[in-house]
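An overview of the molecular structure
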Amino acid sequence: MVSLNNFDTEKFLRNNWQKRPLLIRQGLDNTEAFISFDELAGLACEPEMESRLVSYQQQQWYLRHGPFSKSDFSQLPNSHWTLLVQAVDHVSPAIFELMDSFRFIPNWRLDDIMVSYACKGGGVGPHFDNYDVFLVQTSGQREWQLGPRCDESNPLLDHPDLLLLDNFECQQRFVLNPGDILYIPPRYSHWGIAKDNNCITCSVGFRAPALADIIVEYAEHLGQGLTSQQRFQDQRRQLQDNPGEISHHVIDQLRSLIVKTVDDQNALESWFGKYMTQAKYEHDTDEIIETEQGMTEKLLAGHPVFRDPSTRLAYIAGYEQTQFFCNGLCWQLDSRYVALAKLLGGQTVFSAEDFTEWLGLSHSRKLLIAMFEKGQLYFNGG
Ligand code: SIN
Ligand code: CO
């Protein structure tokens with residue numbers, strides 16, 4: 001695992017993760033080489049990238065969505081605007097590599113990396129996010145102002161598109177230089193303002209499923225496994241005084257029926273693994289990227305293997321079965337394959353030797369072929 005400088009992972013998890021902000025001075029080296037404004041502007045012109053421009057002019061906030069054209073950038077004012085591009089780690093190898101410094105948090109909790117470029121005075125305004133974020137300053141300088149934890153009750157500015165806090169109370173200020181990192185837990189209010197015309201910030205984002213989604217999605221998954229014959233039963237019905245009453249006994253029966261159905265370890269594991277590995281931006285999977293023959297030949301010839309950055313992988317190791325999840329699909333593997341699940345889930349770059357032993361086993365061979373065919377694993381240059 002790649003580790004950040006001046007950073008104690010265990011201490012961070014104990015004292016800061018989801019709890020308190022942390023400033024890491026010079027956590028990364030040579031960050032200026034990661035990405036330039038020109039590269040980012042180029043990505044913001046591509047229709048498959050999600051990008052936006054936020055500006056502040058004459059005391060008004062403005063938002064425009066991409067894709068943009070070169071002339072959009074040449075018409076911008078000299079200050080107070082920022083360009084933001086989502087999921088840059090999916091297309092930029094240097095930004096994908098940056099994620100490796102944050103893999104002390106498991107795959108299923110990691111989201112993607114948004115990159116912003118701002119000119120002097122630029123920023124997205126005072127706000128709070130529902131997720132943890134590491135703000136990595138890669139070029140230029142940015143001042144971050146931090147305020148208290150907020151929630152839905154904090155008043156927002158009246159704006160049709162932007163969720164900006166009306167009363168932002170700055171309690172701490174930090175100026176970040178290239179290589180500095182600021183960790184902000186969910187719902188802490190913050191406001192980043194560029195100090196110069198070359199301010200680039202990478203937001204390493206995380207995800208945590210909303211309780212409402214967990215309940216709705218898990219219930220939907222369970223519902224698919226139930227038949228219309230499985231119904232509420234009341235064979236021991238007692239005579240009741242008033243036909244209008246729904247008795248407390250019925251509510252108790254319902255509760256135990258729901259709890260018994262929901263409390264299913266296998267269903268919960270397989271639903272959760274599939275749900276959390278659904279890809280946000282999936283490749284076109286109709287086209288076969290690597291054939292079985294190509295895969296075998298290249299592995300035997302020693303070609304290294306790479307994991308596609310948008311592919312989401314996770315596993316749950318069981319006593320007899322290991323469930324391996326890849327972009328919302330579940331592979332049930334017997335205990336012989338735990339090491340393969342750990343290999344695929346734990347790395348993003350592999351040597352050919354990592355896989356050659358697995359080519360001999362039919363189940364692992366099938367799994368690897370499926371991943372190569374969809375481009376979830378690939379060889380350099382294709
Ligand atoms: C930015 O990079 O300007 C925005 C990041 C954030 O505040 O979450
Ligand atoms: Co934010």
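It should be emphasised that the depicted structure is a prediction, and the values quoted were computed from it without experimental measurement. (Residues numbered from 1 in each chain as written. Chains lettered and ligands numbered in written order. Predicted model: local features only at pLDDT ≥ 70, side-chain atom pairs only at ≥ 80, totals over all residues. Heavy atoms only, no water.)

**Let's talk about the overall build of the protein**
When helices and strands are tallied, the protein shows eleven helices and 17 strands. Among the 382 residues that make up the protein, the fraction classed as buried is 44%. For the protein, contacts bridging at least 24 residues in sequence account for 76% of all contacts bridging at least 6. When the accessible surface of the protein is totalled, it reaches about 20,900 Å², and 50% of it is carbon and sulfur. (Helix = DSSP H or I, 4+ residues; strand = E, 2+ residues; numbered from the N terminus. Buried < 20%, exposed > 50% of the residue type's maximum accessible area, 1.4 Å probe, protein only. Contact = heavy atoms within 4.5 Å. Areas by Shrake-Rupley, 256 points an atom, 1.4 Å probe, with all protein chains shown as cover.)

**Looking at the coordination of the cobalt ion (ligand 2)**
Only H127 (NE2), D129 (OD) and H190 (NE2) from the protein reach the cobalt ion (ligand 2) as donors, at distances of 2.1 Å. The motif formed by the donor residues of the cobalt ion (ligand 2), counted along the single chain, is H-x1-D-x60-H. You can see D129 sitting in the loop between strand 5 (110–118) and strand 6 (133–139) and its partner H190 sitting in strand 10 (residues 188–194), a full 61 residues away along the chain. Exposure remark for D129: the relative accessible area of 29% places this residue in the partly exposed category. Judged by its relative accessible area of 3%, H190 falls in the buried class. (Donors = N, O, S within 2.8 Å, 3.2 Å for Na, K, Ca; no water.)

**Structural notes on the site of ligand 1**
If you check the shell around ligand 1, you find L84, M114, S116, V124, H127, D129, L135, R142, W144, H190 and S203 and nothing else. S116 places a side-chain nitrogen or oxygen 2.7 Å from an oxygen atom of ligand 1. H127 is positioned such that a nitrogen or oxygen atom in its side chain is 3.1 Å from an oxygen atom of ligand 1. Protein coverage of the free-state accessible area of ligand 1, which is 260 Å², stands at 94%. Among the detected pockets, ligand 1 sits in the largest pocket. Looking at the shell around ligand 1, the elements that each hand over two or more residues are strand 5 and strand 7 (142–149). Broken down by class, the residue content of the shell around ligand 1 amounts to five nonpolar, four polar and two charged. (Near = heavy atom within 4 Å. Polar contact = N/O pair within 3.5 Å; in protein donor to acceptor, adjacent residues only side chain to side chain. 1 Å grid on protein atoms, 1.4 Å probe; cavity = no way out; pocket = protein on both sides within 12 Å on 5 of 7 lines; lining within 4 Å. Sits in = over half its atoms within 2 Å of the grid points. Nonpolar A, V, L, I, M, F, W, Y, C, P; charged D, E, K, R; others polar.)

**Observations concerning the side chain of R312**
Structurally, the position occupied by R312 is in the loop between strand 12 (305–307) and strand 13 (313–317). Residue R312 is classed as buried on the basis of its relative accessible area of 14%. A polar contact is formed between the side chain of R312 and the backbone oxygen of Q278, at a distance of 3.2 Å. With near-sequence residues (within four places) excluded, R312 lies in contact with L110, D111, R207, M276, T277, Q278, A279, K280, F325, C326 and N327.

**Considering the environment of S203**
Residue placement: S203 occurs in strand 11 (residues 199–206). Residue classification places S203 among the buried positions, given a relative accessible area of 12%. Here the alpha-carbon distance between S203 and I113, two residues 90 residues apart in the chain, equals 5.4 Å.

**Overview of the nonpolar core**
Within soluble globular proteins, side chains that are nonpolar tend to cluster in buried spots. Counting residues in hydrophobic clusters, the biggest one holds 40 residues, and the most contacted among them are L83, F102, V115, F134 and V204. Secondary-structure elements contributing two or more residues to this core are helix 2 (37–44), strand 4 (81–85), helix 4 (93–98), strand 5, strand 6, strand 9 (181–184) and strand 11. If sequence neighbours within four positions are ignored, L83 has contacts with F37, L40, A41, A44, R52, L53, F68, F73, V115, S116 and Y117. (Core = buried A, V, L, I, M, F, W, Y, C linked by side-chain atoms within 4.5 Å.)

**Focus: the packing of helix 5 (residues 211–224) against helix 7 (residues 265–276)**
When two helices pack together, you describe them by how their axes are tilted relative to each other and by the distance separating the axes. Remark: helix 5 packs on helix 7, axes separated minimally by 10 Å, with the N-to-C direction vectors making an angle of 120°. It follows that helix 5 is oblique to helix 7 by the angle criterion. In terms of crossing hand, the pair formed by helix 5 and helix 7 is right-handed. For the pair helix 5 and helix 7, the contacting residues are D213, I214, E217, Y218, H221 and L222 in the first and A267, L268, S270, W271, K274 and Y275 in the second. Taken together, the residues of the contact of helix 5 with helix 7 break down into seven nonpolar, two polar and three charged. (Axes fitted to C-alpha atoms, helices over the stretch in contact; angles between N-to-C directions. Parallel < 35°, antiparallel > 145°, perpendicular 65-115°, else oblique. Left-handed = near helix turned anticlockwise from the far one by under 90°.)

**Comments concerning empty space enclosed by the protein**
According to the stated counting rule, one finds two cavities of 30 Å³ or more in the structure shown. Here the largest cavity is characterised by a volume of approximately 180 Å³. If you go around the largest cavity, you meet 19 residues; those closest to its centre are D111, R307, P309, T311 and R312. Counting residues per element, the lining of the largest cavity draws most heavily on strand 5, which supplies three residues. The residue inventory of the lining of the largest cavity, partitioned by class, reads seven nonpolar, five polar and seven charged. (Points joined across faces, edges and corners; volume = space filled by probe spheres on them.)

**Quick word on the packing of aromatic side chains**
This model, assessed by the stated rule, comprises 29 aromatic pairs. Ring geometry for F12 and Y183: centres 4.8 Å apart, planes at 85°, overall edge-to-face. Here F12, found in helix 1 (residues 9–15), pairs with Y183, found in strand 9; they are 171 residues apart in sequence, far enough to count as distant. In this structure Y183 comes out as buried when scored by relative accessible area, which is 0%. Between the NZ or CZ atom of R109 and the centre of the ring of W108, over which it lies, the distance is 6.0 Å. (Phe/Tyr/Trp six-rings, centres within 6.5 Å; stacked < 30°, edge-to-face > 60°. Lys NZ or Arg CZ within 6 Å of the ring centre and 35° of its normal.)

Note that every value here comes from positions in space, so none of it alone points to a role or purpose.
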